[in-house]
Structures are given as structure tokens and as C-alpha cells.
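Chain and residue survey
Here is how the chains run, residue by residue.
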Amino acid sequence: MDVHVKLFGAFRDCQPEPQVVLALAEGALVADLRAALEAHGRAHWPNFNPALLARSAFASDTSVLRDAQPVPAGVGMAILPPVSGG
Amino acid sequence: MHRHHLTVVEIAEGKLDPAAALEFVSDPGFGGITMFVGRVRDLNHGRDVTGISYDMFVPLALNGFAEIAAKAERDFDGKLKLFIGHAKGRLGIGDLAMVVAAGTPHRDEAFRACRQVVEAVKHTSPIWKQEHYVDGDSVWSEGCSLCEGHDAAAQAHEHDHDHHAAEPGR
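These notes cover the structure that comes with them.

Cut-offs and rules
- Residues numbered from 1 in each chain as written.
- Chains lettered and ligands numbered in written order.
- Predicted model: local features only at pLDDT ≥ 70, side-chain atom pairs only at ≥ 80, totals over all residues.
- Heavy atoms only, no water.
- Salt bridge = Lys/Arg side-chain N within 4 Å of Asp/Glu carboxyl O.
- Helix = DSSP H or I, 4+ residues; strand = E, 2+ residues; numbered from the N terminus.
- Buried < 20%, exposed > 50% of the residue type's maximum accessible area, 1.4 Å probe, protein only.
- Pairing = 2+ DSSP bridges.
- Core = buried A, V, L, I, M, F, W, Y, C linked by side-chain atoms within 4.5 Å.
- Contact = heavy atoms within 4.5 Å.
- Expected span 1.5 Å × (residues − 1).

Residues and elements named next belong to chain B. Applying the stated rule across the entire model yields twelve salt bridges over all chains. When the shortest N-O distance is used, the salt bridge between lysine 81 and aspartate 27 registers 3.6 Å. Residue lysine 81 is found in strand 5 (residues 81-92), and its partner aspartate 27 is found in the loop between helix 1 (18-25) and strand 2 (32-39); the two are separated by 54 residues along the sequence. By relative accessible area, lysine 81 is classed as buried at 9%. Of the residues examined, aspartate 27 reaches a relative accessible area of 25% and is grouped as partly exposed.

This is the structure:
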């Protein structure tokens with residue numbers, strides 16, 4: 001399945017487009033999505049920072065999802081670097 | 001009855017309104033109102049700042065504001081009104097980044113509720129700031145990782161990193 005991942009914060013500096021599309025197996029976990037994004041970053045983003053990805057969370061529009069949870073089918077995802085509001 | 005007003009204001013379309021926040025949390029039964037106003041300041045880590053851009057995942061942020069408000073509602077036995085507002089986009093020096101107001105029967109709950117909500121928003125909301133410096137450099141702030149599974153209850157504690165923008169006295 002294709003998973004759309006919106007980019008926020010420092011990840012916006014990795015490419016002009018605001019999201020990436022990654023191909024994952026059906027039933028993939030968030031950990032698999034993390035691995036796929038890392039592979040994509042290493043392959044395509046000269047300024048990719050793996051340490052930042054390690055400290056970043058994945059989320060749907062409604063909640064943060066942990067690595068052991070499945071990637072919900074048909075739902076857009078987002079990568080959330082450490083937050084700094086206020 | 002809407003007891004909580006949760007809002008994201010795109011700076012190109014408007015500004016946060018502290019007077020509206022105070023009005024919203026007012027109630028005949030509430031003798032205490034507190035408000036936190038976070039503004040963009042002109043110095044960060046000793047460097048002159050010209051502005052801050054706030055990036056935000058809006059639907060998740062609003063969902064989080066609702067959870068933060070619901071927790072405060074439980075913690076204060078439902079006797080409060082909250083206004084939670086955050087700006088989005090490129091702000092200049094002095095612009096308002098964040099407005100949180102709490103109305104409660106007495107001052108103690110008002111102070112505590114406002115502080116609790118401010119800390120929860122800062123530590124859990126999907127919001128990212130990028131400081132713009134006089135020399136043309138722009139830097140994303142380090143921030144709080146959401147990977148550790150923090151909930152709003154765990155946020156009113158000290159952190160080993162700096163929450164530098166929109167706070168006085170640093």
C-alpha cells in the first residue's frame with residue numbers, strides 16, 4: 001500500500017514538496033514506516049538527519065501512533081519532529 | 001454550552017485577541033481569571049531575532065487542544081472555562097504566538113489551570129518554530145520529542161532544554 005507522509009518542521013527542509021509517498025506491505029507497522037522513511041531519506045535527501053528521525057513520532061490526523069501499532073489503511077500520516085510550540 | 005474555545009490563527013488572516021480570550025472565560029460564577037500571552041522576542045541564545053515561523057499540523061493540534069482541555073476539565077471538577085489559541089505562520093517581534101486564558105471560581109485554580117494548559121500545549125502540540133536571525137540564518141528549535149509517550153499530566157515538570165521563544169525574561 002502507498003502511504004502518504006506529511007513533512008513538518010525541519011523535515012520540510014528536506015524537499016520542496018510537503019509530503020512523500022512510501023510503498024509498504026499490507027499490515028505494516030509504524031516501525032516499518034519509520035524504516036521506509038529512513039531509507040527514503042538516506043537515498044534522496046542530502047541533508048537527512050537520522051538522529052532527528054529517531055526522535056520523531058508518526059501520527060494520523062487524530063493521534064500519535066507508536067512503532068508497534070499498525071499503519072492505518074487509507075489514512076494520511078505525518079512525521080512529527082520534536083515539538084516547540086508556544 | 002461551549003466551555004472551551006480552541007483556535008489556530010493563521011497570521012496572514014488575523015491575530016490572537018487577548019480581550020476576546022478574557023471575555024470568553026468570564027462567567028458570573030468565576031472570580032478568578034488568569035491569562036498567559038506568549039510573544040515573539042528579539043533575542044535567542046544571544047542572537048538577534050527578526051521573527052519566528054510557526055509550522056503546525058492543524059487537525060492534530062486542535063485534537064490535542066481538546067484533549068488538554070478535557071483533562072483540565074476533569075482535574076478542576078468542571079468548574080472552568082478555557083481559551084487556547086496559537087498562531088501559525090511567520091510572526092514578527094512582539095507578535096502574539098500563544099494565548100491561554102482560564103476562568104475559575106477562585107484564583108488558585110485559575111493560576112494552576114492556566115499553567116497546566118500552557119505547559120501541555122508547549123510540550124505536546126504538533127507545533128514547530130523556526131527562528132529567523134538578523135544575519136539571514138534560520139534555525140528550527142530542538143523541542144520535545146513525542147516518542148516518549150508523555151501525556152499532558154507529565155508536562156508540568158522541568159526540562160533540560162530551553163523553551164526560549166515567547167517567554168519573558170530570558
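On we go from here.
What follows is about the sheet that holds strand 2 (residues 19-23) of chain A. By definition, the strands of a sheet pair up through backbone hydrogen bonds, in either a parallel or an antiparallel sense. All names here are of chain A. Here five strands make up an open sheet; going across it, the order is 2-1-5-3-4 and the pairing mixed. In the strand order of this sheet, the two ends are held by strand 2 and strand 4 (64-65), each with one partner. By the bridge criterion, five bridges tie strand 1 (residues 2-7) to strand 2 in an arrangement that is antiparallel. When the bridges of strand 2 are listed, valine 3 appears paired with leucine 22.

Quick look at the nonpolar core now. Formed by 33 residues in total, the largest nonpolar core has its most connected members in Leu82(B), Ile84(B), Val100(B), Val117(B) and Val121(B). At the level of elements, helix 1, strand 4 (47-56), helix 2 (58-75), strand 5, strand 6 (96-104) and helix 3 (107-124) of chain B are the ones that each hand at least two residues to this core. Setting aside residues no more than four positions away along its own chain, Ile84(B) makes contact with His5(B), Leu6(B), Thr7(B), Phe65(B), Ile68(B), Ala69(B), Val99(B), Val100(B), Val117(B) and Val121(B). Ranked by size, the runner-up nonpolar core spans 22 residues in total, among them Leu7(A), Leu22(A), Leu24(A) and Val71(A).

Next up on the list: helix 2 of chain B. Spanning 18 residues, helix 2 of chain B covers 25 Å between terminal C-alpha atoms, matching the ideal 26 Å at 1.5 Å per step. Those residues of helix 2 of chain B lying buried are Leu60(B), Ala61(B), Gly64(B), Phe65(B), Ile68(B), Ala69(B), Lys71(B) and Ala72(B).

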